[in-house]
Structure formats: C-alpha cells, structure tokens
Amino acid sequence: IDFLRRTNSSRKPSIGENVAVIGEPGSWIDGSDCLDPKGEEGFRARELDVSRALAREGGLVIACGGGLPTRADSIASLKDCGTVIFLRRDPGEIYDNVSMGGRPLGQQGRGAFLERYAAREPIYLEWADHVVDVQATPAETVQRILEVLK
C-alpha cells in the first residue's frame with residue numbers, strides 16, 4: 001500500500017488516482033466514500049473499520065483525511081502494511097485557494113484552520129515514511145512520489 005496522507009485539498013484525488021493507475025488500475029479509494037451520517041464519532045468508528053479492512057487488502061493507494069493520522073489505531077494498521085507518504089502543502093495556500101464550503105474544519109475561519117494544521121503536522125511527520133511536497137501540477141507530484149518509492 002502506498003498510503004497518501006493529505007492535508008485538506010492537497011490535490012490528493014488527482015495524485016492518488018495517478019499513482020494508482022501507475023500501480024494497478026482500479027486501486028484508488030477516496031476517503032469521502034466513507035462518510036457517516038452519525039457525525040464525527042460515527043465517521044471515526046467507520047474510518048477505523050475501513051482502514052483495517054483496506055490494510056488487509058494490499059495493493060491499494062489510499063488517500064485519507066487529516067484526522068486519520070491523529071488516531072493511532074487507524075493509521076497503525078495502514079503503516080504496518082505499507083508506505084505512508086505525507087503530501088505536504090502550505091496550509092495558508094490551501095485555505096486561500098480551496099473552497100472551504102464543504103469542509104467542516106474550514107468553517108471556523110483561517111486562523112482555526114492554521115492552528116489545527118500546526119497541531120497535526122508533527123503527528124503527520126511522525127507517521128510518514130516519506131514527505132513529498134505538493135508540486136505545481138499533480139503529474140509533478142506523482143513523479144516525486146515515484147522517486148521516493150524507488
């Protein structure tokens with residue numbers, strides 16, 4: 001598993017889909033497929049179940065939301081069976097250039113978004129096997145990912 005950790009909107013669908021296509025068509029899974037109508041706790045419980053199930057499958061490229069790595073039980077199963085890549089992008093750039101309309105963490109304003117990122121970044125770095133800075137285009141980022149996986 002090449003596990004792509006994203007910082008809210010770090011271009012992960014395009015990057016993850018491209019890495020998956022290079023590896024094996026049809027191996028892309030997006031965390032938004034796992035949303036739960038029971039709110040945060042329901043979502044986190046489902047996220048744990050899904051991360052464990054996907055870890056058993058192997059051969060997948062998985063992009064998760066920013067909360068998964070903050071829960072050791074969820075990220076550990078993925079880390080145990082694959083490579084964790086933190087796709088790093090400046091959080092101010094994310095907030096300024098990505099629609100926050102459908103993003104719960106973006107609803108509390110730029111300052112809160114940046115604080116949340118600052119609190120989470122050390123966790124992302126702790127779990128990451130590799131850190132790849134998001135490039136100007138998804139293709140360039142994919143190339144960087146492939147270079148670190150060699």
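Residues numbered from 1 in each chain as written. Predicted model: local features only at pLDDT ≥ 70, side-chain atom pairs only at ≥ 80, totals over all residues. Heavy atoms only, no water.

**Describing the nonpolar core**
Thinking step 1. If you look at the biggest cluster of nonpolar residues, it comprises 11 residues: V50, L54, A55, L60, I62, C64, L68, I75, L78, V84 and W127.
Thinking step 2. Those elements that place two or more of their residues in this core are α2 (39-57), β3 (61-64) and α3 (72-81).
Thinking step 3. The element contributing the most residues to this core is α2, with three residues. (Core = buried A, V, L, I, M, F, W, Y, C linked by side-chain atoms within 4.5 Å. Buried < 20%, exposed > 50% of the residue type's maximum accessible area, 1.4 Å probe, protein only. Helix = DSSP H or I, 4+ residues; strand = E, 2+ residues; numbered from the N terminus.)

**Quick word on the confidence of the model for the protein chain**
Thinking step 1. Taken residue by residue, the protein chain gives an average pLDDT of 77. The fraction at 70 or more is 73%.
Thinking step 2. Of all secondary-structure elements in the protein chain, the lowest mean pLDDT belongs to strand β1 (residues 2-6), at 42, while strand β5 (residues 130-133) reaches the highest, 95.
Thinking step 3. The low-confidence segment residues 1-12 (pLDDT under 50) makes 70 contacts with residues lying over four places distant or belonging to another chain. (pLDDT = per-residue confidence, 0-100. Contact = heavy atoms within 4.5 Å.)

**Side note on the packing of aromatic side chains**
Thinking step 1. If you walk through the whole model with that rule in mind, you get three aromatic pairs.
Thinking step 2. Aromatic pair Y95 and F113: ring centres 5.4 Å apart, planes at 50°, arrangement tilted. Taken as a pair, Y95 in helix α4 (residues 91-97) and F113 in helix α5 (residues 110-127) lie far apart in primary sequence, 18 residues in all.
Thinking step 3. Through a chain of ring-to-ring contacts, the aromatic side chains of F86, Y117 and Y124 assemble into a single cluster. (Phe/Tyr/Trp six-rings, centres within 6.5 Å; stacked < 30°, edge-to-face > 60°.)

**Regarding helix α6 (residues 138-149)**
Thinking step 1. For α6, built from 12 residues, the straight-helix expectation of 16 Å at 1.5 Å per residue is met to within 8% by its first-to-last C-alpha distance of 16 Å.
Thinking step 2. Taken together, the buried positions of α6 are T141, V142 and I145. Taken down its axis, α6 places every buried residue within 100° of arc, on the same side. (Expected span 1.5 Å × (residues − 1). Arc of directions from axis to C-beta.)

**Some remarks on the side chain of R89**
Thinking step 1. Positionally, R89 belongs in the loop between β4 (83-88) and α4.
Thinking step 2. Separated by 2.9 Å, the side chains of R89 and E93 make a polar contact. (Polar contact = N/O pair within 3.5 Å; in protein donor to acceptor, adjacent residues only side chain to side chain.)

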